[in-house]
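Notes for the structure review
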Amino acid sequence: MGNFGLFPRPTLVLLVLELCAVSCDITDGNTEHLKREHSLMKPYQGVGSSPSSQWDFWGSTLVTSSYVRLTPDERSKQGSIWNTVPCYLKDWEMHVQFKVHGSGKKNLHGDGIAIWYTKDRLHPGPVFGNQDQFLGLAIFLDTFRNDLHGMDRSFPYISAMVNNGSVSYDHGKDGRSSELGGCSAEIRNRDHDTYLAIRYSKGRLTVMVDIDDKNEWKECIDIGGVRLPTGYFFGASAATGDLSDNHDIISMKLYQLMVEHTPEEENLDWTKIEPSVSLLKSPKDNIDDPTGNFRGTPLTGWKVFLLLLCALLGIVVCAVVGAVVFQKRQERNK
């Protein structure tokens, strides 16, 4: 896969580059920063229920030599796989290689996959095979539309949710009321494997996808003000209902991001942080957002620059108009 550290950036002027929040010297996707204790890779050694296992699975999950199948293409199945080692990295990036495929025709398949970073693991429930009102982060790869009124977006649809344990995922509305951002992505029945990258660094959550087998990441979600504690567990789950699909995980690779933090951040007990997001508007306001993809982030970087540029242009225009008006009045007085 390509280097996820090289995000697209505005190229208007050098000032914009200096204001970018993500440092370009962060490298990932190499063995130096790969954390094997949090990674799931072929031939899937260390997967099982023994005390030395680093991954444990539940439900309909089937581990083969080529993939981990969370659910078969059968109705009413649930399965999950979870890392048994808590993650204490402050800045990380997870690359997920996956495949969703089945015999169902268009709109006759479901339900999808969820990627988790949560306090609890192996707790089956109604949210893509995992518990509701969880603590932590979830990325949903939803392949079935439940809300027939939400025709402004196409499915499959990828979305993100951060929960402090008090919010329920609304299946009837496809999670719209708690969604932080999302994008549509044709991930089903591709002739090649599909990829998802989840980055959390310095309070910023970014989700990228590669579904066209072009070795290029495309941005799906980018939101700041996210607070996630350390000591949580990574996992993946999937579920089928009246409709079904094969939900396969080929690999989950976690990379450590080398990021400098302030002395205050270093002295903070990151295990005590409550999962939260500092938004410019509440997630419930997303119900009325026709795009379903608002970016409730602090005004930083190029956004600040664009606002200042617009303000400066406004001042210049007002000054020119004022000068013209003043000159014409002077001519009339003469």
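So, a few notes on the structure that sits alongside this text. In every chain, residue numbers begin from 1 and rise along the written sequence. Residue-level local features of this predicted model are given only where pLDDT is at least 70; pairs of side-chain atoms are given and counted only at 80 or more, and the full residue set underlies all totals for whole chains, interfaces and linings. The basis for every side-chain value is the complete set of non-hydrogen atoms in the structure, without hydrogens or water.

Here we take up the nonpolar core. Membership of the largest hydrophobic core comes to 48 residues, with the highest contact counts inside it found for Trp92, Ile115, Ile139, Leu196 and Ile249. Every helix listed is a DSSP run of H or I at least four residues long, and every strand listed is a run of E at least two residues long, numbered separately from the N terminus. Ranked by residues supplied to this core, first place goes to strand S5 (residues 92–101) with five residues. The residues touching Ile139, leaving out its near neighbours within four places in the chain, are Ile113, Ala114, Ile115, Ile158, Ser159, Ala160, Leu196, Ile198 and Val207. Buried residues of nine kinds, namely Ala, Val, Leu, Ile, Met, Phe, Trp, Tyr and Cys, make up a nonpolar core once their side-chain atoms join them within 4.5 Å. Between buried and exposed lies partly exposed: a residue is buried under 20% and exposed over 50% of the maximum accessible area for its type, with that area taken using a 1.4 Å probe on protein chains only. Counting eleven residues, the second largest nonpolar core, distinct from the first, contains Ala114, Phe134, Phe140 and Tyr169. It only takes one pair of heavy atoms within 4.5 Å for two residues to be counted as in contact.

The disulfide criterion used throughout: a pair of cysteine sulfur atoms within 2.5 Å. Overall, the coordinates contain one disulfide when judged by the stated rule. Between the sulfur atoms of Cys183 and its disulfide mate Cys220 the distance is 2.0 Å. For the disulfide bridge between Cys183 and Cys220, the dihedral angle about the S-S bond is near -105°, and by the sign convention the bridge is left-handed. Taken together, the positions of Cys183 in strand S9 (residues 181–184) and Cys220 in strand S12 (residues 218–223) put the pair 37 residues apart, joining distant regions of the chain. Residues Cys183 and Cys220 agree in their burial class; the two are buried.

A few words on the sheet that holds strand S6 (residues 112–118). For two strands to be treated as a pair, DSSP must find no fewer than two bridges joining them. With respect to topology, seven strands assemble into an open sheet ordered S1-S4-S14-S6-S7-S8-S9, the strand pairing being antiparallel. One side of each edge strand has no neighbouring strand; the edge strands of this open sheet are strand S1 (55–59) and S9. The mean angle between the axes of side-by-side strands here comes to 15°, regardless of whether they run parallel or antiparallel. Both strand S8 (residues 157–164) and S9 contribute to a ladder of four bridges, which runs antiparallel. Paired with Ile158 across the bridge in S9 is Cys183. Structural elements are reduced to axes, namely lines fitted to C-alpha atoms, with helices fitted over the stretch in contact, and the angle between N-to-C directions of any two is expressed from 0 to 180 degrees.

Attention shifts here to the side chain of Thr240. Within the fold, Thr240 resides in the loop between strand S14 (233–239) and strand S15 (246–256). Note on Thr240: relative accessible area 7%, which makes it buried. Of note is the side chain of Thr240, whose polar atom sits 2.7 Å from the backbone oxygen of Glu74. Two N or O atoms count as a polar contact when they lie within 3.5 Å, although within protein this holds only if one can serve as hydrogen donor and the other as acceptor, and sequence-adjacent residues are included solely when both atoms are side-chain atoms. Reaching out from Thr240, the side chain makes a polar contact with the backbone nitrogen of Lys77 at a distance of 2.8 Å. Look past the residues within four positions of Thr240 in its chain and what remains in contact with it is Thr71, Pro72, Glu74, Arg75, Ser76, Lys77, Gly110, Asp111, Asp245 and His247.

Another point: the pattern of salt bridges. Any Lys or Arg side-chain nitrogen located within 4 Å of an Asp or Glu carboxyl oxygen qualifies as a salt bridge. By the definition in use, this model includes twelve salt bridges. Asp248 is paired through a salt bridge with Arg69; the nearest N and O atoms lie 2.8 Å apart. Of this pair, Asp248 sits in strand S15 while Arg69 sits in strand S3 (residues 68–71), placing them 179 residues apart in sequence. Take Asp248 and Arg69: they sit in the same class, and that class is buried. We note a salt bridge from Glu74 to Lys77, for which the minimum N-O separation is 3.8 Å. Residue Lys77 is classed as partly exposed on the basis of its relative accessible area of 29%.

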